[in-house]
Amino acid sequence: MKKIAALIATLIVGALIVSCSEAPTLGGAVGEFNAIKNNNIALREFIQAMPKGGDLHNHLFGAVYAESWIAWAEEDKMCLDKDALGIRFPGPDGCGALPSVKKALTGDQKLRNELIDKLSLRDFTPSQGWSGHDQFFDTFFSMASMPNRFGDMVADASNLAGRQNVSYLELMHTLELFDTILPMVGGIAMSGDAKADYETLMASEFGKKLPEMVARAIRDTDAAMARKDKLLGCGTENAQPGCSVKVRFLNQDVRTLPASAVYAHAIFGWELMKQDNRFVGTNLVAPEDDYIALRDYSQHMQQLDYLYKTLGPRNVSLHAGELWLGVTHPKELRFHIHDAIKIGHAKRIGHGTDIVFEDGYKDLLNFMKEKEILVEINLTSSDVLLGIKGKAHPFSTYRKAGVPTALSTDDEGVSRIDLSHEYMRAVQEFGLSYTELKALAYNSLKYSFLPKDEKTALIKSLDERFTDFESHY
């Protein structure tokens, strides 16, 4: 009897083991992912088809591929500075001594390749005195397009997202700054007192012209979105994938300009967000290690604090801690993320690579966890600009601390990547599982700056997309 009882017990345990190991897992998606995660082609196919929610950190100019810049420049009779390899605007008499882009590139594949390389990180190799950081930011001085290409850019970014099963984009974009606000306020001295400086700016020509600038920005956005819909055939039977992508914008303020222009453009953005619900947040951009950006960092945070408390709360996401030891003086690594959150009212942090250098960083991580302050993780960008990748990247530090994270592209056109590529890097460098990737996709909608009802609808749609995706495995 003892032998029979032992045999029965063995059979029961064996049956339980088989049952657990053969239990269905998310329609087989987990098993498929585990089987192909070390095969780059199969992994790309899987992730490209997988629903990925949104891309919350995406600069519109940086999202455009070089080939699009060139095609628009050829069509619009733009000029080419062959020495600097930059696209330039024509003057009243055309290009003058410069050739047109079309004329210069016709039949010259070598020059076309050189221009593509100049407008991106394609084929880039660091050399003495010229880093990935240098190349990346230099590309923007070679870009130019007619104002009416705003809609073409949105169409490009939307279609690239739609083809990867991305359902939402928050695109950073700059309106009114260089043509109107900078010339208007660039020479106005700032005292450093946010309240006094606000009153100075609002008493100037800027304050008088603010309603006009906001109205023009709204009209320009109307035209751009209509152009995007037309280019993609939205609402027709030939609608392209980008039509299914919800697009919203962040006001993009440039932190390397005079403090008066940075503040004025932030004020402009505050009013734009109030009047147009397509603008769901604001951000400060440009190299964080730039001399002016470092010098004025605390002043910028005080400006945001004043606007937030005086004109009313707005959604703020800030590039903060996009720094590393050796890039700048160690003192600059100790407070940027802290101040972005505690003074600048950031609900999300872009990059945040220097977190472990921050004073009291463990307390800061706990605060970010408690307040659910998401970090926008840009793996390729951190690699190229700062040389930070794999175990050197704090992605795992944030995850271990329970701080919410989401993957994003930063400047996919310049880096010549897409969001699927970033998901692949997360698997290859950090060993993320399918379930962990899925959680990141949901984070990208949960922590978006959409109103609650729109966010709920997108998350419900993501549920349905995953149900459909997983049913195929």
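Residues numbered from 1 in each chain as written. Predicted model: local features only at pLDDT ≥ 70, side-chain atom pairs only at ≥ 80, totals over all residues. Heavy atoms only, no water.

**Some remarks on the packing of helix 2 (residues 29-36) against helix 22 (residues 434-446)**
Then step 1. Between helix 2 and helix 22, the shortest axis-to-axis distance is 9 Å and the interhelical angle comes to 110°. When the axis of helix 2 is compared with that of helix 22, the two are roughly perpendicular. Contact with helix 2, carried on its side by A29, V30 and F33, involves Y434, T435 and L437 of helix 22 and no other residues of that element.
Then step 2. Per-class residue counts for the contact of helix 2 with helix 22 are five nonpolar, one polar and no charged. (Axes fitted to C-alpha atoms, helices over the stretch in contact; angles between N-to-C directions. Helix = DSSP H or I, 4+ residues; strand = E, 2+ residues; numbered from the N terminus. Parallel < 35°, antiparallel > 145°, perpendicular 65-115°, else oblique. Contact = heavy atoms within 4.5 Å. Nonpolar A, V, L, I, M, F, W, Y, C, P; charged D, E, K, R; others polar.)

**A short note on the sheet that holds strand 1 (residues 54-59)**
Neighbouring strands of a sheet are bound in pairs by backbone hydrogen bonds; such pairs are parallel or else antiparallel.
Then step 1. Within the open sheet, the four strands sit side by side as 1-4-5-6. Their pairing is parallel. Looking at the sheet topology across the chains shown, the edges are occupied by strand 1 and strand 6 (279-285). This sheet shows a mean twist of 25° between the axes of neighbouring strands, independent of strand direction.
Then step 2. Of the pairings in the sheet, the one linking strand 1 to strand 4 (residues 168-173) comprises four bridges and is parallel in character. If you follow D55 over to strand 4, its bridge partner there is L169. (Pairing = 2+ DSSP bridges.)

**Thoughts on the packing of helix 11 (residues 194-203) against helix 12 (residues 205-232)**
Then step 1. Across the interface, helix 11 lies against helix 12 with an axial gap of 3 Å and an inter-helix angle of 70°. Of the possible angle classes, the one that applies to helix 11 and helix 12 is roughly perpendicular. Of the residues in helix 12, those touching helix 11 at L201, M202 and A203 are E205, F206, G207, K208 and L210.
Then step 2. Here the residues of the contact of helix 11 with helix 12 sort into five nonpolar, one polar and two charged.

**Some details on helix 2**
Then step 1. Those residues of helix 2 that fall on the buried side of the exposure criterion are A29, V30, F33 and I36. Viewed along the axis of helix 2, the buried residues span an arc of 145°, placing them on a single side of the element.
Then step 2. Contact partners of the buried residues in helix 2: helix 3 (40-49), helix 21 (419-430), helix 22 and helix 23 (452-470). (Buried < 20%, exposed > 50% of the residue type's maximum accessible area, 1.4 Å probe, protein only. Arc of directions from axis to C-beta.)

**Overview of the nonpolar core**
Then step 1. Ranked by internal contacts, the top residues of the largest apolar core, which has 136 residues, are F206, M368 and L437.
Then step 2. Once you skip the residues sitting within four places of it in the chain, M368 turns out to touch I337, I341, I349, I373, V375, Y398, V403 and P404. (Core = buried A, V, L, I, M, F, W, Y, C linked by side-chain atoms within 4.5 Å.)

**Remarks on the sheet that holds strand 10 (residues 405-407)**
Then step 1. Reading across from one edge, 7-8-9-10 is the order of the four strands in this open sheet, with parallel pairing throughout. Pairing within the sheet leaves two strands with one partner each, and these edge strands are strand 7 (317-320) and strand 10. On average, each strand axis in the sheet is tilted by 25° relative to the strand beside it, whichever way the strands run.
Then step 2. Two elements, strand 7 and strand 8 (residues 348-351), share four bridges in a ladder whose sense is parallel.

**Things to note about unusual backbone geometry**
Then step 1. Its identity is not glycine, yet K77 carries a phi of approximately 60°, on the positive side.
Then step 2. Position of K77 relative to the elements: it lies in the loop between helix 5 (66-75) and strand 2 (79-81).
Then step 3. Residue classification places K77 among the exposed positions, given a relative accessible area of 65%.
Then step 4. The backbone of D123 sits at a positive phi, close to 60°, despite the residue not being glycine.
Then step 5. Checked against the element boundaries, D123 lands in the loop between helix 7 (109-118) and helix 8 (132-138).
Then step 6. Accessibility expressed as a relative area gives 62% for D123, which makes it exposed.

**Overview of the state of the cysteines**
Then step 1. Considering all chains together, one arrives at two disulfides under this definition.
Then step 2. The disulfide that involves C79 links it to C95, with 2.0 Å between the sulfurs. With the S-S bond torsion at -90°, the cross-link from C79 to C95 turns out left-handed. Within this pair, whereas C79 is found in strand 2, its partner C95 is found in the loop between strand 3 (86-88) and helix 6 (101-105), the two being separated by 16 residues in sequence. Note on accessibility: C79 and C95 belong to one class, buried.
Then step 3. Here C234 engages in a disulfide with C243; their sulfurs sit 2.1 Å apart. The chirality of the disulfide connecting C234 with C243 is left-handed, given an S-S dihedral of about -90°.
Then step 4. Here the disulfide map of the protein chain reads 1-2, 3-4, the bonded cysteines being numbered as they appear in the sequence. (Disulfide = S-S within 2.5 Å.)

Interpretation note: all reported values are geometric properties and have no functional meaning in isolation.
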